[in-house]
Amino acid sequence: MSVPARSAPSAALVQLALALGGFAIGTTEFASMSLLPDFARALGVDEPTAGHAISAYALGVVVGAPVIAVLAARIARRTLLVGLMVLFAIGNGLSALSPNFETMVIFRFLSGLPHGAYFGVAALVAASLAAPDKRASAVARVMIGLTVATIVGVPLANAVGQWIGWRWGFVIVSALATLTAVSVFLLAPREPAPKDASPLRELSALASRRVWLTLGIGAIGFGGMFAVYTYLASTLVEVTHASPAALPGVLMVFGLGMTAGTLVCAWAADRALMPAVGAILLWSVASLALYPMAVGSLWTLVPVVFLIGCGGGLGAALQTRLMDVAGEAQTLAAALNHSAFNTANALGPWLAGLAVSAGFGWRSTGWVGCALAAGGFVIWAIAVWDDRRERALAAA
């Protein structure tokens, strides 16, 4: 991958603009989970049912990422990024205006459509400005926007939601997305799409077993974090018996964990990519197993939430792995990474909701999460075995 002749400050500004989009996406993705009890009451549904709006957003990502990546193969990356942020702003603006739960589900699906394609293309742009052995760190700088959102954006949106209404959380996101579109338009490289780009070339990623295994790690392994996070607000009130006013602070702690995990895991991935992926999955298994035992007290819950947040470091490492195994289908593979993560975002809350509805209580979300993280580790082990087999065949 070539590195354009671009000054370091200019590359940093591009990455900052791209990270702003990650901040907007992270704010809506995680704030909607923290505001779930509020919009459930306002729209007249119970909390497990309200979780379907979270799943609708995730489904939008799953559908939108590959479809947009393929259909937009011949569109310049800067133009595509701006268009995706405009669509994201519209979807969140409409979410704020939802008159009932059915329209809320539709607008959350619409909001999710540009999510995966944006992150995928943004990661490719960021990596193109970095040396080959610094790609994971470059991708992490874009992803930092998402993790900082969990520290600042999500607690702010949650606090605003509690003070003046949950709809304003989505208004904030719409404004951030509009600002991102303007920033990317002004700062991103003005480069045309590759002349040989085509939908068929992008679709070649779907023929790679290594791509599918990498996507499987994210789709299953990341589900554990979402299983817990989606119902954290309800668990905090119903089990920990903490005041709702404590929620923004707990969400901030989760964001600090995500930021620390993203930075450390990206540093490790630049040195030993697949071992770093395996280590973060085992970390998630252990921290999620602690969660059911920690929810009884705010003093024990907070450090465990930090540890679970560290598992968010998986994102940048898997994004870099896909760059290695996708061949010429870089855009589709990069976008599919976020389809995988939002498959996890749909799967985790759905399975955890089933456990809660079956009478196992809010603590059970931790055990569901632990099982999903363990499943991701099993797929990682298969991927490592497959890599070794490929190397052995190549050497024979």
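Residues numbered from 1 in each chain as written. Predicted model: local features only at pLDDT ≥ 70, side-chain atom pairs only at ≥ 80, totals over all residues. Heavy atoms only, no water.

- The name given to the chain in an unreviewed UniProt entry is MFS transporter, and the organism recorded there is Caulobacter zeae.
- Under the UniProt heading Subcellular location (unreviewed entry), the entry covering the chain gives this text: "Cell membrane". (UniProt positions renumbered as here; feature names shortened; annotations may be inferred.)

1. Section: the overall build of the chain
Part 1 of the reasoning: Looking only at helices and strands, one finds 17 helices and zero strands in the chain.
Part 2 of the reasoning: Computed over the C-alpha atoms, the radius of gyration of the chain is 20 Å, within 12% of the 21 Å expected from 2.2 N^0.38 for a compact globule of 396 residues.
Part 3 of the reasoning: In terms of overall dimensions, the chain has a C-alpha envelope of 55 × 45 × 35 Å along the principal axes.
Part 4 of the reasoning: A buried classification covers 61% of the 396 residues belonging to the chain.
Part 5 of the reasoning: For the chain, the share of sequence-separated contacts (at least 6 apart) that also reach a separation of at least 24 residues comes to 84%.
Part 6 of the reasoning: When the accessible surface of the chain is summed, it comes to about 14900 Å², and 72% of that surface belongs to carbon and sulfur atoms.
Part 7 of the reasoning: Considering the chain, the positive charge centre built from 21 side chains and the negative charge centre built from 16 side chains are found 7 Å apart. (Helix = DSSP H or I, 4+ residues; strand = E, 2+ residues; numbered from the N terminus. Rg over C-alpha atoms; globule rule 2.2 N^0.38 Å. Buried < 20%, exposed > 50% of the residue type's maximum accessible area, 1.4 Å probe, protein only. Contact = heavy atoms within 4.5 Å. Areas by Shrake-Rupley, 256 points an atom, 1.4 Å probe, with all protein chains shown as cover. Lys, Arg positive; Asp, Glu negative; His and termini not counted. Charge placed at Lys NZ, Arg CZ, Asp CG, Glu CD.)

2. Digging into the packing of helix α9 (residues 209–221) against helix α16 (residues 330–360)
Part 1 of the reasoning: Relative to each other, α9 and α16 sit at 25 degrees, their axes nearing to 7 Å. Looking at the two axes, α9 sits roughly parallel to α16. For the element pair α9 and α16, the recorded crossing hand is right-handed. Contacts from Leu 215, Gly 218, Ala 219 and Ile 220 in α9 reach Leu 336, Asn 337, Ala 340, Phe 341, Thr 343, Ala 344 and Leu 347 in α16.
Part 2 of the reasoning: Here the residues of the contact of α9 with α16 are counted per class, giving eight nonpolar, three polar and no charged. (Axes fitted to C-alpha atoms, helices over the stretch in contact; angles between N-to-C directions. Parallel < 35°, antiparallel > 145°, perpendicular 65-115°, else oblique. Left-handed = near helix turned anticlockwise from the far one by under 90°. Nonpolar A, V, L, I, M, F, W, Y, C, P; charged D, E, K, R; others polar.)

3. As for helix α2 (residues 36–43)
Part 1 of the reasoning: In terms of residue burial, α2 counts as a mostly covered element, since six of its eight residues are buried.
Part 2 of the reasoning: Within α2, the full set of buried residues consists of Leu 36, Pro 37, Asp 38, Phe 39, Ala 40 and Leu 43.
Part 3 of the reasoning: Just downstream of α2, Gly 44 is the residue with a positive phi angle, here 75 degrees.

4. Focus: the pattern of salt bridges
For side chains of opposite charge, pairing can occur when their charged atoms come near one another.
Part 1 of the reasoning: As enumerated under the stated definition, the model contains eight salt bridges in all.
Part 2 of the reasoning: We note a salt bridge from Arg 210 to Asp 387, for which the minimum N-O separation is 3.2 Å. Residue Arg 210 is located in helix α9, and its partner Asp 387 is located in helix α17 (residues 364–395); the two are separated by 177 residues in the primary sequence.
Part 3 of the reasoning: Here Arg 210 falls in the partly exposed class, since its relative accessible area comes to 30%.
Part 4 of the reasoning: Linked through salt bridges whose partners overlap, the residues forming this network are Arg 209, Asp 386, Arg 389 and Glu 390. (Salt bridge = Lys/Arg side-chain N within 4 Å of Asp/Glu carboxyl O.)

5. Observations regarding a nonpolar patch on the surface
Part 1 of the reasoning: A cluster of nonpolar side chains, Leu 13, Leu 16, Val 182, Phe 185, Leu 186 and Leu 187, forms an exposed patch at the surface whose accessible area comes to about 550 Å².
Part 2 of the reasoning: Among the elements of the structure, α1 (8–34) and α7 (167–187) are those that each provide at least two residues to the nonpolar patch.
Part 3 of the reasoning: Residue contributions to the nonpolar patch peak at four residues, all from α7.
Part 4 of the reasoning: Along the chain, Leu 187 falls in helix α7.
Part 5 of the reasoning: With a relative accessible area of 33%, Leu 187 lands in the partly exposed category. (Patch = residues over 30% accessible without salt bridge, like charges linked within 9 Å, V, L, I, M, F, W, Y side chains within 5 Å.)

6. Considerations on the domain arrangement of the chain
Part 1 of the reasoning: As far as domains go, the chain holds domain 1 (7–195) and domain 2 (198–395).
Part 2 of the reasoning: Computed over C-alpha atoms only, the centres of domain 1 and domain 2 are separated by 18 Å.
Part 3 of the reasoning: Across the contact, 49 residues belong to domain 1 and 47 residues belong to domain 2.
Part 4 of the reasoning: Carbon and sulfur atoms supply 70% of the area that domain 1 and domain 2 bury against each other, a total of about 4000 Å² over both sides.
Part 5 of the reasoning: Where domain 1 meets domain 2, there are one salt bridge.
Part 6 of the reasoning: A salt bridge links Arg 135 to Asp 324, with the shortest nitrogen-to-oxygen separation between them at 2.8 Å.
Part 7 of the reasoning: Linking domain 1 with domain 2 are four residue pairs in polar contact (both at pLDDT 80 or more).
Part 8 of the reasoning: Of all the secondary structure elements, the ones that give two or more residues to the side of domain 1 that touches domain 2 are α1, α2, α3 (47–71), α5 (101–128) and α6 (135–164).
Part 9 of the reasoning: Considering each element in turn, the side of domain 1 that touches domain 2 owes the most residues, 16 residues, to α6. (Domains from an automatic or database assignment. Buried area = accessible area lost by both parts, 1.4 Å probe. Polar contact = N/O pair within 3.5 Å; in protein donor to acceptor, adjacent residues only side chain to side chain.)

7. Regarding the environment of Trp 212
Part 1 of the reasoning: Mapped onto the secondary structure, Trp 212 falls in helix α9.
Part 2 of the reasoning: Under the relative-accessibility criterion, Trp 212 is labelled partly exposed at 47%.

8. With respect to the side chain of Thr 147
Part 1 of the reasoning: Position of Thr 147 among the secondary structure elements: in helix α6.
Part 2 of the reasoning: Take Thr 147: its relative accessible area is 1%, and that puts it in the buried class.
Part 3 of the reasoning: Side-chain polar atoms of Thr 147 contact the backbone oxygen of Ile 144, separated by 3.0 Å.
Part 4 of the reasoning: If we ignore the near neighbours within four places in the chain, the residues touching Thr 147 are Gly 255, Met 258, Thr 259 and Thr 262.

9. Describing the side chain of Thr 214
Part 1 of the reasoning: Checked against the element boundaries, Thr 214 lands in helix α9.
Part 2 of the reasoning: Setting aside chain neighbours within four positions, we find Thr 214 in contact with Leu 318, Arg 321, Leu 322 and Val 325.

10. As for empty space enclosed by the protein
Part 1 of the reasoning: Tallying each qualifying case throughout the model produces three cavities of 30 Å³ or more.
Part 2 of the reasoning: If you add up the space inside the largest cavity, you get close to 150 Å³.
Part 3 of the reasoning: Met 143, Leu 146, Phe 222, Met 258 and Phe 341 are the residues nearest the centre of the largest cavity, which is lined by 17 residues in total.
Part 4 of the reasoning: Of all the elements in the fold, those that place two or more residues in the lining of the largest cavity are α1, α6, α10 (223–229), α12 (247–269), α15 (314–325) and α16.
Part 5 of the reasoning: Looking at the lining of the largest cavity residue by residue, the classes come out as nine nonpolar, seven polar and one charged.
Part 6 of the reasoning: Both of domain 1 (7–195) and domain 2 (198–395) provide at least three residues apiece to the lining of the largest cavity.
Part 7 of the reasoning: Computed from the structure, the second largest cavity encloses a volume of approximately 70 Å³.
Part 8 of the reasoning: Forming the walls of the second largest cavity are Gly 221, Phe 222, Gly 224, Met 225, Ile 280, Leu 281, Ser 284, Ser 287, Leu 288, Ile 308, Gly 311 and Leu 314.
Part 9 of the reasoning: The dominant element in the lining of the second largest cavity, judged by the number of residues it contributes, is helix α13 (residues 273–294), at five residues.
Part 10 of the reasoning: Taken together, the residues of the lining of the second largest cavity sort by class into seven nonpolar, five polar and no charged. (1 Å grid on protein atoms, 1.4 Å probe; cavity = no way out; pocket = protein on both sides within 12 Å on 5 of 7 lines; lining within 4 Å. Points joined across faces, edges and corners; volume = space filled by probe spheres on them.)

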